[in-house]
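Secondary and tertiary structure notes
Residue-level listing of the chains:
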Amino acid sequence: MKIREVVLTPVAFADPPLLNVMGVHEPFALRTVLELRCEDGVVGLGESYGDSAFADQARRVAAELPGLDVFDLPGIRRAVSRALGDTVVADRHGLIGGASIGKTLASVYSLFEVAALDAQGHVLGRPVADLLGGKARDEVEFSAYLFYKYAGHPDADPDEWGEALTPDALVEQARRMINRYGFRSIKLKGGVLAPEQEIEGIRALADAFPGHPLRLDPNAAWKPDTAIDVARRLDGVLEYLEDPTPGIEGMARVAERAAMPLATNMCVVSFADIEPAFRARAVGVVLSDHHFWGGLRDTQALSTTCRAFGVGLSMHSNSHLGISLAAMVQVAAATPHLSYACDTHWPWKDSDVIVPGALDFVNGAVRVPDRPGLGVELDPDALGRAHEDYLRCGLTRRDDVNYMRRFVQDFEPNTARW
Ligand SMILES: [Mg+2]
């Protein structure tokens, strides 16, 4: 089954002003949508980052693929290496660890691997989870992903979620999200307010939603001593504390004193980080993300590695659309060692590029589609609209820091601030 044509479409979709350690989300999030068009009308879909640097790398790989067999994943991987050489895509937004050649190759390969697996599934008439070894679960649980946020973007009306800068507003946000999607686990994106205030936010959530597992992710906003103090005060409240402080060494210092496991999508972001981090006992949970861990099969390899070392596995999320959610669901279904509900930004968007209805949340979980491939279908009109939005919005890379300066003139990232 030969690849005939590779179509990459940059898209944008509206995004609320969600706050994090680097600033605030811009009015549009960017993604790249891939169609791998093969013989006999078979099409495989992929979705990944939309920054122009990433899209440029993907275009260079795309030119190498026509004529390759869509089942030849090593051949596709070689094409990625050939096209990119030793190019490094700069760290895209400071929230998923540093950049490296290995991580660049893994990220770009992942986009094409997912689309190849989708195409393979269509050829064989089987879901991607079956190609990955079969379903270990029929549905995949996700967490409610809460953010501190402004009421709306400058010069725009407030969005439907409104402002969230207080414990009461966080509880209200959680209630709305849980009512709509049925989530059990709750995650708060921190690194925005002083630790004292974020502790109050978590305590308010714990009081309002007893029995719901809670996590807090300040994206390395705290110094190790602060992190140790927060961990002590939230002992018995958090199921895990995510990236409280920068770097493997700092995380190891905190991990030694914290009662709950530390999780990361910042200090363990490629296979090269595993040996030093695990040796230092810096993390108890790794957050996988197929977009930068090298695709669905390498995500399973990561899971096997974590299991061997007694380390838990959860799943990280960036702003994403339905093709990415489908890939997350398929790989989560086929990965037995996945110890926690996965993260998703799904509730924060109100448009998509796929035909609706394939991925619905019931009791906080998405049922694994049993249709062939990823189980989702591209909506050409919706894709066209999202591409128009990309052209109109004028953004070419994510820049939370500079956008935040529209709200707070002298803003600097909060990394290791407290
Ligand atoms: Mg994180």
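Residues numbered from 1 in each chain as written. Predicted model: local features only at pLDDT ≥ 70, side-chain atom pairs only at ≥ 80, totals over all residues. Heavy atoms only, no water.

Let's shift gears to the overall build of the chain. Helix and strand content of the chain: 14 helices and 15 strands. A compact globule built from 418 residues would reach a C-alpha radius of gyration of about 22 Å, and the chain, at 20 Å, matches this within 12%. Each principal axis of the C-alpha atoms in the chain carries an extent, and together these give about 60 × 50 × 40 Å. Taken over 418 residues, the chain has a buried fraction of 61%. Of the side chains in the chain, 42 bear a positive and 58 a negative charge, and the two mean positions are spaced by 3 Å. (Helix = DSSP H or I, 4+ residues; strand = E, 2+ residues; numbered from the N terminus. Rg over C-alpha atoms; globule rule 2.2 N^0.38 Å. Buried < 20%, exposed > 50% of the residue type's maximum accessible area, 1.4 Å probe, protein only. Lys, Arg positive; Asp, Glu negative; His and termini not counted. Charge placed at Lys NZ, Arg CZ, Asp CG, Glu CD.)

Moving on, we get to the environment of Thr299. In this fold, Thr299 is placed in helix α11 (residues 296–308). Along the sequence, Thr299 and Ala79 sit 220 residues apart, while their C-alpha atoms lie 20 Å from each other. Beyond its immediate stretch of four places on either side in the chain, Thr299 contacts Ser288, Asp289, His290, Trp293 and Val331. (Contact = heavy atoms within 4.5 Å.)

Binding of the magnesium ion to the protein goes through Asp217 (OD), Glu242 (OE) and Asn265 (OD1), at separations of 2.0 to 2.3 Å. In primary sequence terms, the donor set of the magnesium ion follows D-x24-E-x22-N. Remark: Asn265 occurs in the loop between β11 (262–264) and α9 (271–279) and Asp217 occurs in strand β9 (residues 214–217); sequence separation between them is 48 residues. Residue Asp217 shares its accessibility class with Asn265, and that shared class is buried. (Donors = N, O, S within 2.8 Å, 3.2 Å for Na, K, Ca; no water.)

Turning to the sheet that holds strand β15 (residues 365–367), a few remarks are in order. Here 3 strands make up an open sheet; going across it, the order is β6-β15-β14 and the pairing antiparallel. One side of each edge strand has no neighbouring strand; the edge strands of this open sheet are β6 (139–141) and β14 (361–362). Pairing geometry for β6 and β15, over 3 bridges, is antiparallel. Paired with Glu139 across the bridge in β15 is Arg367. (Pairing = 2+ DSSP bridges.)

Turning next to the domain arrangement of the chain. The domain boundaries assigned to the chain delineate domain 1 (3–130 + 380–392) and domain 2 (134–367). The distance between the C-alpha centroids of domain 1 and domain 2 comes to 23 Å. The interface of domain 1 with domain 2 comprises 45 residues on the first partner and 48 residues on the second. Looking at the side of domain 1 facing domain 2, the largest losses of area belong to Pro17, Leu19 and Glu47, adding up to 18% of the total buried there. (Domains from an automatic or database assignment. Buried area = accessible area lost by both parts, 1.4 Å probe.)

Think of two packed helices as two axes; the pair is described by the angle between the axes and how far apart they sit. Taken N-terminus to C-terminus, the directions of helix α6 (residues 195–208) and helix α7 (residues 224–233) make an angle of 25 degrees; their axes are 11 Å apart at the nearest point. In this view, α6 runs roughly parallel relative to α7, as classed from their interaxial angle. As for how α6 packs across α7, the hand of that crossing is right-handed. Touching Pro195, Glu196, Ile199 and Arg203 of α6 are Thr226, Val230 and Arg233, all from α7. Here the contact of α6 with α7 is composed, by residue class, of 3 nonpolar, 1 polar and 3 charged. (Axes fitted to C-alpha atoms, helices over the stretch in contact; angles between N-to-C directions. Parallel < 35°, antiparallel > 145°, perpendicular 65-115°, else oblique. Left-handed = near helix turned anticlockwise from the far one by under 90°. Nonpolar A, V, L, I, M, F, W, Y, C, P; charged D, E, K, R; others polar.)

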